[in-house]
Amino acid sequence: MSEIIVDTDEARRDLAAIFRWTAHESMHEGIANHFSYAISADGQQFLMNPYGVHFSKMRASDLLLLDAGKTPSDYGQKVDPTAWWIHGAMHRNNPQARCIVHLHSHYATALSALKDPTLLPIDQTSCRFFNRVAVDSGFDGMGLDDEAERLSTILGNKRMVMMGNHGFMTVAESPALAFDLAYYYERACRTYLTAKGSGLELSVLSNEIAEKTAKQWEAQDQTVDQHLAAIRRILDEEEPDYRL
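Values in this document were obtained by computation on a predicted structure and should not be read as measured data.

### Observations regarding the overall build of the chain
- Helix and strand counts for the chain stand at 8 helices and 7 strands.
- On C-alpha atoms alone, the chain measures out to a radius of gyration of 17 Å, which is about the 18 Å that the 2.2 N^0.38 rule sets for 244 residues.
- Oriented by its inertia axes, the alpha-carbon framework of the chain measures out at about 50 × 45 × 35 Å.
- In the chain, buried positions account for 51% of the 244 residues.
- Here the analysis covers contacts within the chain between residues at least 6 apart in sequence; of these, 70% occur between residues at least 24 apart.
- Of the roughly 11400 Å² of accessible surface on the chain, 49% is carried by carbon and sulfur atoms.
- Between the averaged position of the 23 positive side-chain charges in the chain and that of its 34 negative side-chain charges there is a distance of 2 Å.

### What to know about the packing of helix 6 (residues 175-197) against helix 8 (residues 224-238)
- Running from N to C, helix 6 and helix 8 point in directions that differ by 85 degrees, and their axes come no closer than 8 Å. When the axes of helix 6 and helix 8 are compared, the pair comes out roughly perpendicular. Of helix 8, the residues touching helix 6 (which contributes Ala176, Leu177, Phe179, Asp180, Tyr183 and Tyr184) are Val224, Asp225, His227, Leu228 and Ile231.
- Residues belonging to the contact of helix 6 with helix 8 are distributed by class as follows: 8 nonpolar, 1 polar and 2 charged.

### As for helix 7 (residues 207-219)
- If you check helix 7, its first and last C-alpha atoms are 18 Å apart, about what 13 residues at 1.5 Å a residue would give, namely 18 Å.
- Of the residues making up helix 7, those classed as buried are Ala210, Thr213, Ala214 and Trp217. One side of helix 7 carries all its buried residues, which in axial view fall inside an arc of 105 degrees. For helix 7, the exposed residues lying more than 90 degrees away from the buried face are Glu208 and Lys212.
- Turning to helix 7, the residues buried within the fold contact helix 4 (124-127) and helix 6.

### Things to note about the sheet that holds strand 4 (residues 99-103)
- On the basis of which strands lie adjacent, the open sheet formed by 7 strands has the order 3-2-1-4-7-6-5 and mixed pairing. Two strands lie at the open edges of the sheet, namely strand 3 (64-67) and strand 5 (133-136), each paired on one side alone. Mean inter-strand twist for the sheet, computed between neighbouring axes without regard to direction, equals 20 degrees.
- Sheet topology places strand 6 (residues 160-163) next to strand 7 (residues 167-172); 4 bridges connect them, and they run antiparallel. When the bridges of strand 7 are listed, methionine 163 appears paired with glycine 167.

### Side note on the confidence of the model for the chain
- Taken over all residues, the pLDDT of the chain has a mean of 92, while the share at 70 or more is 97%.
- Mean pLDDT per element in the chain: helix 5 (residues 146-151) is the minimum at 83, and helix 4 is the maximum at 98.

### What about the pattern of salt bridges?
- Tallying each qualifying case throughout the model produces 16 salt bridges.
- Residue aspartate 180 pairs with arginine 128 through a salt bridge whose shortest N-O separation is 2.8 Å. Of this pair, aspartate 180 sits in helix 6 while arginine 128 sits in the loop between helix 4 and strand 5; the two residues are 52 residues apart in sequence, bridging distant segments of the chain.
- Under the relative-accessibility criterion, aspartate 180 is labelled buried at 5%.

### A short note on the state of the cysteines
- All told, the structure shown has 0 disulfides when counted by the stated rule.
- Free cysteine: cysteine 99, not disulfide-bonded; nearest cysteine sulfur from cysteine 189 at 19 Å.
- Taking the relative accessible area as the measure of exposure, cysteine 99 reaches 0% and is therefore buried.
- Cysteine 127 carries a free sulfur, and the closest cysteine sulfur to it, the one in cysteine 189, is 13 Å from it.

### Some remarks on the nonpolar core
- Within the largest apolar cluster, 48 residues are counted, with the highest numbers of intra-cluster contacts made by Leu15, Phe35, Leu103, Leu111, Phe129 and Tyr185.
- Looking at this core, the elements with two or more residues in it are helix 1 (8-24), strand 1 (34-38), strand 4, helix 3 (106-112), strand 6, strand 7, helix 6 and helix 8.
- Ranked by residues supplied to this core, first place goes to helix 6 with 12 residues.
- If you look at the next biggest cluster of nonpolar residues, it comprises 24 residues, including Met48, Trp84, Ile86 and Met169.

What counts and how
- Note on numbering: residues in each chain are counted from 1, in written sequence order.
- Under the rules for a predicted model, residues below a pLDDT of 70 receive no local features and side-chain atom pairs below 80 are neither given nor counted, while totals for whole chains, interfaces and linings still include all residues.
- Side-chain calculation: all heavy atoms of the structure are included, whereas hydrogens and water are not.
- Runs of E in the DSSP output that reach at least two residues are strands. Runs of H or I that reach at least four are helices, and both are numbered from the N terminus.
- Our radius of gyration looks at C-alpha atoms and nothing else; its globule reference is 2.2 Å times the residue count to the power 0.38.
- Burial classes: relative accessible area under 20% of the type maximum marks a residue as buried, over 50% as exposed, and values in between as partly exposed (1.4 Å probe, protein chains only).
- Contact criterion: two residues are considered in contact whenever any of their non-hydrogen atoms come within 4.5 Å of each other.
- With residues, only the protein chains shown are counted as cover, and all accessible areas are computed by Shrake-Rupley using a 1.4 Å probe.
- In this count, Lys and Arg are taken as positive residues and Asp and Glu as negative ones, while His and the chain termini are left out.
- Lys charges are placed at NZ, Arg charges at CZ, Asp charges at CG and Glu charges at CD.
- Lines fitted to C-alpha atoms define the axes here, with helix axes fitted over just the stretch in contact, and angles between the N-to-C directions of these axes take values from 0 to 180 degrees.
- Angle categories: roughly parallel below 35 degrees, roughly antiparallel above 145, roughly perpendicular from 65 to 115, and oblique for all the rest.
- Under the scheme applied here, ten amino acids are nonpolar (Ala, Val, Leu, Ile, Met, Phe, Trp, Tyr, Cys and Pro), four are charged (Asp, Glu, Lys and Arg), and all others, including Gly, are polar.
- To estimate how far a helix should extend, the number of its residues minus one is multiplied by 1.5 Å.
- Directions drawn from the helix axis to the C-beta atoms are what define this arc.
- When DSSP finds two or more bridges between a pair of strands, those strands are recorded as paired.
- The predictor reports its confidence for every residue as pLDDT, a score running from 0 up to 100.
- The working definition used for a salt bridge is a side-chain nitrogen of Lys or Arg within 4 Å of a carboxyl oxygen of Asp or Glu.
- Cysteine sulfur atoms that come within 2.5 Å of each other are treated as a disulfide pair.
- As used in this record, nonpolar core signifies buried Ala, Val, Leu, Ile, Met, Phe, Trp, Tyr and Cys residues forming a set joined through side-chain atoms within 4.5 Å.

See below:
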């Protein structure tokens, strides 16, 4: 496996920034949910938020360095067991999943609770996720042990898992892309459920147009760093302690 070099200090700052911005966007659940970033090539070692720190107060130094080969009992109360199990299994079994954002945001979680949690392509943003979300319908309790291992097999070659009756995960090479996907997925779910809730007939785009638009989104993946950079500029001015 080729060597992967990670600037751990900068990774910590990026993660702290997206925690804070997730709170800004009201996509968080206080101290629940979790983000992680693998710093070893095999995904065995990864950074993750500690249990008990509110997203709006996360700092770079708060993030824990964990090992997927250990167990939650090795870390005590500073690690949420469901966080360790889900992210440990995902990183261990999907080493390409460098950064993982797991959320129970309002609209995406509402969609996950529908019998058919498919996000239909009804606008430019929802097209980004056309045929690009692995949908899991086998919810079997909180993500502990066997359930975490099962979830880690769902991803395949996609960047997202819609966790039925639970929430969702995005995976990417960087915190910038993992967050960008999560941000736009929540917005797409909001638009879709708002339109669906009107009771009027949806204008669903054709598969051909949806696929064309999804590929255009993918062509811009390299620009997502600008989204995170813009967020960090705001935080540098208003909440610079995220960097500490």
